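Here are the chains, one letter per residue:
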Amino acid sequence: MDVLELLRDGRARTRAELVAESGLSRSTVGARVDALLGHGLVVVAGEASSSGGRPPARVVFNPTARLVVAVDVGATHVTVALTDLSGLVVDVVTLDLAVAAGPDVVLGAILREARRMVAAAGRRPAEVVGVGVGVPGPVEHATGRPVSPPIMPGWDGFDVPAAVQRVFDVPVLVDNDVNLLALAEQHAAWPDVTELVFVKVSTGIGAGILAGGQLQRGASGSAGDLGHLRVPWVPDSPRPADDPRDLEAVASGPAIAERLRGLGLEARTSADVVALVRGGDQRVHAAVRQAGRDLGAVLSGVVNLLNPSVIVVGGSISRASEHLIAGVREVVYGQSIPLATHDLRIVRSRTDHTAGVLGAALLVTRQVFAEDPLPHLIRSG
């Protein structure tokens with residue numbers, strides 16, 4: 001294992017310990033540590049006990065040596081953050097800006113904020129190692145171009161990396177926002193779990209899938225598009241048997257709002273549903289629980305197919321009510337095979353409003369450290 005990869009766990013080590021753990025020669029470790037010290041990527045962190053002579057120095061990873069620009073583009077807002085190499089947020093701002101304003105307007109605002117943050121931190125643009133961007137639509141991961149995104153007019157096929165690289169000449173990684181939420185949730189709440197599905201229920205419904213600890217995007221980047229799966233009909237469903245609607249049409253925020261309007265309640269958006277849930281109306285709780293059952297009917301197949309250890313349900317509807325999770329559990333535990341559900345946990349998201357930018361930062365740092373990162377980190381310095 002490489003010296004820098006070992007030190008990224010935050011534990012200080014002597015050179016002798018690095019030799020023993022890495023399997024590399026003493027001269028190779030020495031040269032590597034000297035280079036890392038010279039570029040500020042590791043720092044001296046005290047001395048170890050001496051068995052005679054001068055005590056050996058310990059070195060530790062310095063995540064503040066470089067920066068990452070992390071961006072979470074939502075339907076009606078944009079969050080821009082500056083993080084260090086561990087994902088720790090240095091600065092963050094959320095802008096009231098609709099993705100429908102188009103890529104030129106949205107990316108222009110993002111880049112202005114990013115440059116301001118770098119300057120405010122007393123750092124140079126050259127210290128940024130990469131930019132991560134999450135968007136609310138399908139993305140061709142190899143190129144970073146959105147592909148036919150339903151709520152992103154003007155973004156289809158737009159070369160997001162090229163636009164960003166006019167200001168920051170670094171790797172620019174673009175992904176679907178739910179994939180980044182899955183990365184953030186696993187990193188912050190389930191670091192020992194490698195099989196995880198994150199489901200976001202809001203204006204739409206989508207999933208981020210981690211298998212073997214790696215994001216699964218599929219052949220063309222559409223993996224996890226739960227919202228367009230048909231909801232299986234069951235005898236106790238309030239829908240007619242000949243109503244084969246997609247999951248998004250029956251369990252998303254707007255779909256729940258439509259059901260509530262049928263009950264005489266005023267609701268149009270996910271935010272309206274959340275407000276009504278908090279008002280304590282039992283009719284609203286029942287509608288949200290039924291949405292959870294419909295979601296569970298689709299997730300039952302996902303559980304049988306992928307056998308995750310954890311299903312995390314996030315998004316505004318989940319944050320407002322336990323009834324959604326209760327509906328999901330009711331159906332998944334009842335319909336999936338016992339072997340797949342024996343140790344399965346279905347939980348609400350534990351991350352906060354900065355999860356999207358944390359996921360974007362993790363996307364960048366994992367790419368940077370995937371191979372020999374030292375040449376790139378030295379150039380960025």
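Calculation criteria
- Residues numbered from 1 in each chain as written.
- Predicted model: local features only at pLDDT ≥ 70, side-chain atom pairs only at ≥ 80, totals over all residues.
- Heavy atoms only, no water.
- Buried < 20%, exposed > 50% of the residue type's maximum accessible area, 1.4 Å probe, protein only.
- Helix = DSSP H or I, 4+ residues; strand = E, 2+ residues; numbered from the N terminus.
- Pairing = 2+ DSSP bridges.
- Lys, Arg positive; Asp, Glu negative; His and termini not counted.
- Salt bridge = Lys/Arg side-chain N within 4 Å of Asp/Glu carboxyl O.
- Contact = heavy atoms within 4.5 Å.
- Axes fitted to C-alpha atoms, helices over the stretch in contact; angles between N-to-C directions.
- Parallel < 35°, antiparallel > 145°, perpendicular 65-115°, else oblique.
- Left-handed = near helix turned anticlockwise from the far one by under 90°.
- Nonpolar A, V, L, I, M, F, W, Y, C, P; charged D, E, K, R; others polar.

Caption draft 1: Looking closely at the pairing of strand 10 (residues 172-176). Counting buried positions over the 5 residues of strand 10 gives 5, a clear majority of the element. One ladder, built from 5 bridges, connects strand 7 (residues 128-135) with strand 10; its direction is parallel. Bridge assignment links valine 131 to a residue of strand 10, and that residue is valine 172.

Caption draft 2: Structural view of the side chain of glutamate 185. The residue glutamate 185 is located in helix 6 (residues 177-189) in this model. The buried charged residue glutamate 185 lacks any salt bridge, with arginine 350 as its nearest oppositely charged partner at 5.5 Å. In this structure glutamate 185 touches Trp190, Phe198, Val312, Ser349, Arg350 and Thr351, once residues within four positions along its chain are discounted.

Caption draft 3: The arrangement of the environment of alanine 320 in detail. Here alanine 320 lies in helix 11 (residues 316-320). Residue classification places alanine 320 among the buried positions, given a relative accessible area of 19%. Sequence-distant contacts of alanine 320, that is, excluding residues within four places in its chain, are made with Val274, Val277, Arg278 and Arg348.

Caption draft 4: Representation of the packing of helix 9 (residues 270-278) against helix 10 (residues 282-306) in the model. Where helix 9 meets helix 10, the axes come as close as 8 Å, and the angle between the chain directions of the two elements is 125°. Between helix 9 and helix 10, the angle is such that the two are oblique. Along this stretch, helix 9 crosses helix 10, giving a crossing that reads as left-handed. Residue-level contacts link Val273, Leu276 and Val277 of helix 9 to Val284, His285 and Val288 of helix 10. Residues belonging to the contact of helix 9 with helix 10 are distributed by class as follows: 5 nonpolar, 1 polar and no charged.

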